[in-house]
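Observations on chain architecture
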Amino acid sequence: MKRVRTDNITLVPASLLPFKERWQHLAGERPAHEALLIVPADETPLKQTMRRLVPTLREHGRTITTVTLGYAPPRHRDTSPTP
(Lines give C-alpha, C1' and ligand atoms only; values in the text may rest on other atoms or scores of the structure.)
Protein backbone atom coordinates (compact mmCIF):
# COMPACT_ATOMS: atom_id res chain seq x y z
CA MET A 1 0.00 0.00 0.00
CA LYS A 2 1.29 3.46 -0.87
CA ARG A 3 1.63 6.03 1.86
CA VAL A 4 0.12 9.43 1.25
CA ARG A 5 2.27 12.40 2.15
CA THR A 6 0.74 15.72 2.93
CA ASP A 7 2.35 19.09 3.44
CA ASN A 8 -0.06 20.22 6.14
CA ILE A 9 -3.25 19.05 7.78
CA THR A 10 -6.27 20.99 9.00
CA LEU A 11 -8.78 19.24 11.27
CA VAL A 12 -12.10 20.99 11.76
CA PRO A 13 -15.27 19.65 13.43
CA ALA A 14 -18.30 19.58 11.15
CA SER A 15 -20.13 21.97 13.48
CA LEU A 16 -17.61 24.69 12.55
CA LEU A 17 -17.78 24.21 8.77
CA PRO A 18 -20.40 26.99 8.41
CA PHE A 19 -17.73 29.34 9.77
CA LYS A 20 -15.17 28.37 7.13
CA GLU A 21 -14.29 31.99 6.34
CA ARG A 22 -13.05 32.42 9.93
CA TRP A 23 -10.42 29.71 9.76
CA GLN A 24 -9.69 28.97 6.09
CA HIS A 25 -7.11 31.76 5.73
CA LEU A 26 -5.27 30.34 8.76
CA ALA A 27 -5.13 26.94 7.10
CA GLY A 28 -3.68 28.39 3.92
CA GLU A 29 -0.90 30.21 5.76
CA ARG A 30 0.48 27.16 7.59
CA PRO A 31 4.05 26.05 6.84
CA ALA A 32 4.79 22.56 5.56
CA HIS A 33 4.41 19.69 8.03
CA GLU A 34 2.13 21.62 10.33
CA ALA A 35 -1.18 20.40 11.66
CA LEU A 36 -3.86 22.99 12.37
CA LEU A 37 -6.58 21.91 14.78
CA ILE A 38 -9.66 24.10 14.92
CA VAL A 39 -11.42 23.18 18.16
CA PRO A 40 -14.72 24.33 19.65
CA ALA A 41 -14.59 26.68 22.61
CA ASP A 42 -16.78 24.47 24.76
CA GLU A 43 -15.36 21.48 26.60
CA THR A 44 -16.91 18.64 24.63
CA PRO A 45 -15.98 15.02 23.95
CA LEU A 46 -14.97 16.15 20.45
CA LYS A 47 -12.50 18.67 21.85
CA GLN A 48 -11.03 15.98 24.11
CA THR A 49 -10.67 13.64 21.13
CA MET A 50 -8.89 16.27 19.12
CA ARG A 51 -6.50 16.89 22.02
CA ARG A 52 -5.67 13.18 22.07
CA LEU A 53 -4.53 13.46 18.45
CA VAL A 54 -1.77 15.92 19.30
CA PRO A 55 0.83 13.39 20.57
CA THR A 56 0.27 11.14 17.55
CA LEU A 57 0.67 14.02 15.13
CA ARG A 58 3.86 15.11 16.92
CA GLU A 59 5.23 11.56 16.71
CA HIS A 60 4.83 11.85 12.93
CA GLY A 61 6.89 15.03 12.86
CA ARG A 62 4.07 17.56 12.79
CA THR A 63 4.15 20.94 14.44
CA ILE A 64 0.75 21.57 16.02
CA THR A 65 -1.22 24.80 16.08
CA THR A 66 -4.52 24.73 17.94
CA VAL A 67 -7.08 27.47 17.43
CA THR A 68 -10.21 27.71 19.55
CA LEU A 69 -13.19 28.98 17.64
CA GLY A 70 -16.40 29.82 19.43
CA TYR A 71 -19.62 28.36 18.14
CA ALA A 72 -23.05 28.92 19.53
CA PRO A 73 -25.82 27.02 17.79
CA PRO A 74 -28.75 29.19 16.80
CA ARG A 75 -31.34 29.34 19.51
CA HIS A 76 -34.84 28.28 18.77
CA ARG A 77 -37.01 31.34 18.86
CA ASP A 78 -40.31 30.91 20.55
CA THR A 79 -42.82 32.42 18.15
CA SER A 80 -45.87 31.46 20.12
CA PRO A 81 -48.02 34.39 21.21
CA THR A 82 -47.58 35.53 24.76
CA PRO A 83 -50.72 35.31 26.92
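Read on for a plain summary of the structure. (Residues numbered from 1 in each chain as written. Predicted model: local features only at pLDDT ≥ 70, side-chain atom pairs only at ≥ 80, totals over all residues. Heavy atoms only, no water.)

**What to know about helix H2 (residues 45-59)**
Three or more residues of H2 are buried, namely Lys-47, Met-50, Val-54 and Leu-57. Check the buried side of H2 and you find it contacts strand E1 (9-11), strand E2 (34-40) and strand E3 (63-69). (Buried < 20%, exposed > 50% of the residue type's maximum accessible area, 1.4 Å probe, protein only. Helix = DSSP H or I, 4+ residues; strand = E, 2+ residues; numbered from the N terminus. Contact = heavy atoms within 4.5 Å.)

**Side note on the sheet that holds E2**
Strand order in the open sheet formed by three strands is E1-E2-E3, and the pairing between neighbours is parallel. Where the open sheet ends on each side, the last strands, each with one partner, are E1 and E3. Within the sheet, the average angular offset between the axes of one strand and its neighbour, ignoring direction, is 15 degrees. Here seven bridges tie E2 to E3, and the two strands are oriented parallel to one another. Residue pairing across strands places Val-39 opposite Thr-68, the latter belonging to E3. Lying on the sheet, H2 is in contact with E1, E2 and E3; it crosses E2 at an angle near 170 degrees. (Pairing = 2+ DSSP bridges. Axes fitted to C-alpha atoms, helices over the stretch in contact; angles between N-to-C directions.)

**Comments concerning unusual backbone geometry**
The backbone of His-33 shows a phi angle near 65 degrees, a positive value even though the residue is not glycine. With respect to the helices and strands, the residue His-33 is situated in the loop between helix H1 (20-28) and E2. You can call His-33 partly exposed: its relative accessible area is 42%.

On their own, these measurements won't tell you what the molecule is for.
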